[in-house]
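Examining the three-dimensional arrangement
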Amino acid sequence: MNDLTASQPIDEAIAEIKRRSAVRPTVGIVLGSGLSELADEVPGADIIPTGEIPHWPGSTVHGHKGRLVLGRLENRDVLLLQGRSHYYEGFNMQQITFPVRVMHRLGIGTYVVTNAAGGLNPDFAVGDLMVIKDHINMPGLAGENPLRGPNDDAVGPRFPDMTHAYDPALRRLAQRVAAEAGFSLREGIYCFVGGPSYETPAELRLLKVAGGDAVGMSTVPEVIVACHSGMRVLGISSITNQAHLEPDEHAVVSHEEVLEAGKLIIPRLKALIHGVLSAMDS
Ligand code: HPA
């Protein structure tokens, strides 16, 4: 298989994007499960199906469209990704983080990532939004890290620091925007699990004692690659279901529930993204 961290595949993907759009984005926004319609906010956008971009991993999941949307939002040139690829689909870590490497090389300095997540924190309710302040990378702790392999020192260091992976200033700004818009924004630690099976009650209790507030199947590998290359990251989880830490025969989690809850969250997520884009530094 191609080395997707090498210049050639990244440059080939960029050449196709530049051929199809004159927009030169500085902000990249990844739309998670059920959150795709945020892209409707970009009028007259250039739309590129990701299947037409060389080397781009395809999305196979219902609720994930697989398109790049390039245009202007709040006076900024932005790139929205509808439909990311996930590790549980069978893609490897290099494949799922290829879009981040392309965005970095395109000149994007701010990576805004959204996802659907299960709430581990008992104070969280379905429909809450949570700004991510830190993460726990379960597959990563066992060795599945997207930076494993040769390091390109021109992109970032061999051993990148992750203390401030989620930019503190962007987190504060997100809190201010939410307060001004009149809704509360949770803050917490996101646990990345490989999926696709949802967690057992015992696994959920493990993640909770480890300090996790929310659990999901994406985001963290992307954030590691973004942080390694020096991008500023803002991560937002939509809490689409409550994780059941005790076995309960009536409590089950389904992908449909996750997509439905995603819809409830969209108006607040839109307000948050608009507010952050209009107020953040370049
Ligand atoms: N677990 C893992 N991933 C998820 C969940 C969950 O409960 N909800 C949405 N994505």
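Quick summary incoming for the structure in this document. Here the structure is a predicted model, which means the values were calculated and not measured. (Residues numbered from 1 in each chain as written. Predicted model: local features only at pLDDT ≥ 70, side-chain atom pairs only at ≥ 80, totals over all residues. Heavy atoms only, no water.)

Time to look at the pairing of strand β6 (residues 129–137). Extensive coverage of β6 is indicated by the burial of seven of its nine residues. Here β6 runs beside strand β9 (residues 232–242); their pairing, made up of three bridges, is antiparallel. Paired with M130 across the strands is S237, a residue of β9. Pairing analysis gives seven bridges linking β6 to strand β7 (residues 186–192), with the strands arranged parallel. Across the sheet, the residue bridging to H135 is Y190, located in β7. (Buried < 20%, exposed > 50% of the residue type's maximum accessible area, 1.4 Å probe, protein only. Helix = DSSP H or I, 4+ residues; strand = E, 2+ residues; numbered from the N terminus. Pairing = 2+ DSSP bridges.)

Of all nine residues that make up helix α6 (residues 220–228), nine are buried, and the element is covered over most of its length. The inward-facing, buried residues of α6 abut β1 (27–31), α2 (93–106), β5 (110–119), β6, β7 and β9. Positioned one or two residues after α6, G230 has a phi angle of 90°, which is positive. (Contact = heavy atoms within 4.5 Å.)

Time to look at the site of the ligand. Neighbouring the ligand are the residues A116, A117, G118, Y198, E199, V215, G216, M217, T240, N241 and V258. Separating a nitrogen atom of the ligand from a backbone N or O atom of G118 is a distance of 3.3 Å. Between the ligand and N241 there is a distance of 2.7 Å, counted from a nitrogen atom to a side-chain nitrogen or oxygen. Notes on the ligand: free accessible area 260 Å², of which the protein chains cover 95%. Sorting the residues of the shell around the ligand by element identifies β5, β8 (214–216) and β9 as the ones contributing at least two each. Looking at which element gives the most residues to the shell around the ligand, the answer is β5, with three residues. Among the residues making up the shell around the ligand, the classes are represented as six nonpolar, four polar and one charged. (Near = heavy atom within 4 Å. Polar contact = N/O pair within 3.5 Å; in protein donor to acceptor, adjacent residues only side chain to side chain. Areas by Shrake-Rupley, 256 points an atom, 1.4 Å probe, with all protein chains shown as cover. Nonpolar A, V, L, I, M, F, W, Y, C, P; charged D, E, K, R; others polar.)

This part is about the packing of aromatic side chains. Tallied over the entire structure, the rule returns one aromatic pair. Taken together, a centroid distance of 6.2 Å and an interplanar angle of 80° make the contact between W56 and F98 edge-to-face. Taken together, the residues W56 in the loop between β2 (46–49) and β3 (67–73) and F98 in helix α2 connect sequence positions 42 residues apart. Each member of the pair, W56 as well as F98, carries the same accessibility label: buried. (Phe/Tyr/Trp six-rings, centres within 6.5 Å; stacked < 30°, edge-to-face > 60°.)

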